[in-house]
Amino acid sequence: SRRWAFQPLSCNYEWARQMALASLAKLAGSLAAAAAAAAVAIHNSGDGHLVLPKASVFSGALALGGIAALTALLQLPGKQAVAADIASLRTVALRLKDSIDHARETLGSPPLSAADSYEAVRFLAETWTSWHETRPTFQADEVQTVAGVQPLSAAEAEAMARHLPLALAAYEEDPSAAVEEEGLRLLYHDRTTVAGERTSHYLAYSTEQRRVVLGIQGTSDMNDVLTDAMCRAVPLSPRVRGGEVLAHEAMSVAARHLAARVGPLLRDLFTPSGRPYSIAVTGHSLGAGTACLLAVLLREDIGIDVVAFGLGHVSDR
C-alpha cells in the first residue's frame, strides 16, 4: 500500500509535464501568429505606427506569462528524480522514527506535556542566550567545576588555537583563503550534505610543514539538523579494535563514508615510508563528532590526531 500511495503523485506529475509541453507549443504558435499580424499591420499603415486594442495587449501579456510559467514547470525534475526524493524522505522519516522510539524505550515517556516541554525549551534557550551575552566564558567556567576534569596543557591549548580557524573554515563556501592563511593548500572541497549520510568537508595539506588537515563541517542547514536527530545507538564497525563500539547512527554513517573516501588517499599519499605527514581531523559540533568516529575507524591503519570543538557524546566509549 505504501508503494502505490506514491504512484498517483508520480503519474500526475509526468502528465502535467506533458500537458505543459503541449500548451507551451500552442502559446508559442499563437505569439508567432500575433507577431506576424502586427508586422503586416505596421507595414500596411504607411507611417510605421500601430495602435493595438487593449484586449490584444492583455492577451499577449497573458500568453508571455503563460510561457514563462510553463517553462519553469518544464525545468522541474522528472518522474524518476521525484521518486528518488520521495524514497530519500521516506528513509529519513523512518530513521527519525527509530531514533524517537529508541529514546522512549531508554528514557520512558516524557513526564511533561507538549506545552510544558515547549516552555522548558524556551526557558533554556533564553537562559543560554543571556549567559552568552553577560558571561562569555560561562561554559569554560562550568566545565572547571566538574569533578575529574583536567586543565588543558600548554601543548593542548596551542593545538586548539592552531586548529580553531581550520574547524571554522569548514563552514565557508570556499575555505581556500582560510586554509592558505594557515600555510596550507586546498586539495579538494566537497560541499555535498545528505541528511543522515554525508556532511560537507575539505582536505588541505602542506608539503613544507608535512601536514594534512581534514576539516568537517558542523550543523549549518536542515540536512545537518536531521543528521543530528538520527541519534539511535548502533555498532560503529565490526573492525573496531577492542570490541563493539556503539555510536550515533547518522554520524557513524557519515564517518564510514569519509573513511571510504579519504582513507585510501591518506594512506597512499600522505603516510609513505620516510617522512610521513602529520594528519589531523578537526570540526565543530556535528563535524567534531564525525571527526572522532572517523579517527576510531582509521586508527588501526593511519595515525590521526583529532582536535574537536563543541563535541557531544557520540559513542559509548
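Here's a quick rundown of the structure.

Here the focus is the sheet that holds strand β2 (residues 201-206). The strand order β1-β2-β3-β6-β7 describes an open sheet built from five strands, whose pairing is mixed. Where the open sheet ends on each side, the last strands, each with one partner, are β1 (185-190) and β7 (305-309). Put simply, the sheet's adjacent strands are angled 15° from each other on average, direction ignored. Lying on the sheet, helix α10 (residues 286-298) is in contact with β3 (211-216), β6 (278-284) and β7; it crosses β6 at an angle near 145°.

Our focus in this paragraph is the nonpolar core. In terms of nonpolar packing, the biggest core is built from 29 residues, with Val-212, Leu-214, Leu-266, Val-281, Leu-293, Leu-294 and Ile-304 touching the most fellow members. At the level of elements, β2, β3, α9 (249-269), β6 and α10 are the ones that each hand at least two residues to this core. Here this core takes seven residues from α10, the largest share from any one element. Not counting chain neighbours up to four residues away, the residues in contact with Leu-293 comprise Leu-236, Ala-247, His-248, Met-251, Ser-252, Ala-255, Val-314 and Ser-315. If you look at the next biggest cluster of nonpolar residues, it comprises eight residues, including Leu-166, Ala-169, Leu-184 and Tyr-202.

Conventions and cut-offs
Along every chain, residues carry numbers that run from 1 in the direction the sequence is written. With pLDDT at 70 or above as the cut-off, local features in this predicted model cover only qualifying residues; side-chain atom pairs require 80 or more to be listed or tallied, and sums for whole chains, interfaces and linings still use all residues. Derived side-chain values reflect all non-hydrogen atoms in the structure, with water molecules and hydrogen atoms excluded from consideration. By the convention used here, strands pair only if DSSP detects at least 2 bridges between them. Secondary structure elements follow DSSP: runs of H or I of four or more residues count as helices, runs of E of two or more count as strands, with numbering from the N terminus. To obtain an axis, a line is fitted to C-alpha atoms, over the contacting stretch when the element is a helix, and the angle between two such axes runs from 0 to 180 degrees between their N-to-C directions. Every residue pair with non-hydrogen atoms within 4.5 Å of one another is taken to be in contact. The term nonpolar core refers to a set of buried residues drawn from Ala, Val, Leu, Ile, Met, Phe, Trp, Tyr and Cys, joined through side-chain atoms within 4.5 Å. Throughout, exposure labels follow a simple rule: accessible area from a 1.4 Å probe, protein chains only, divided by the maximum for the residue type, with under 20% read as buried, over 50% as exposed, and the rest as partly exposed.

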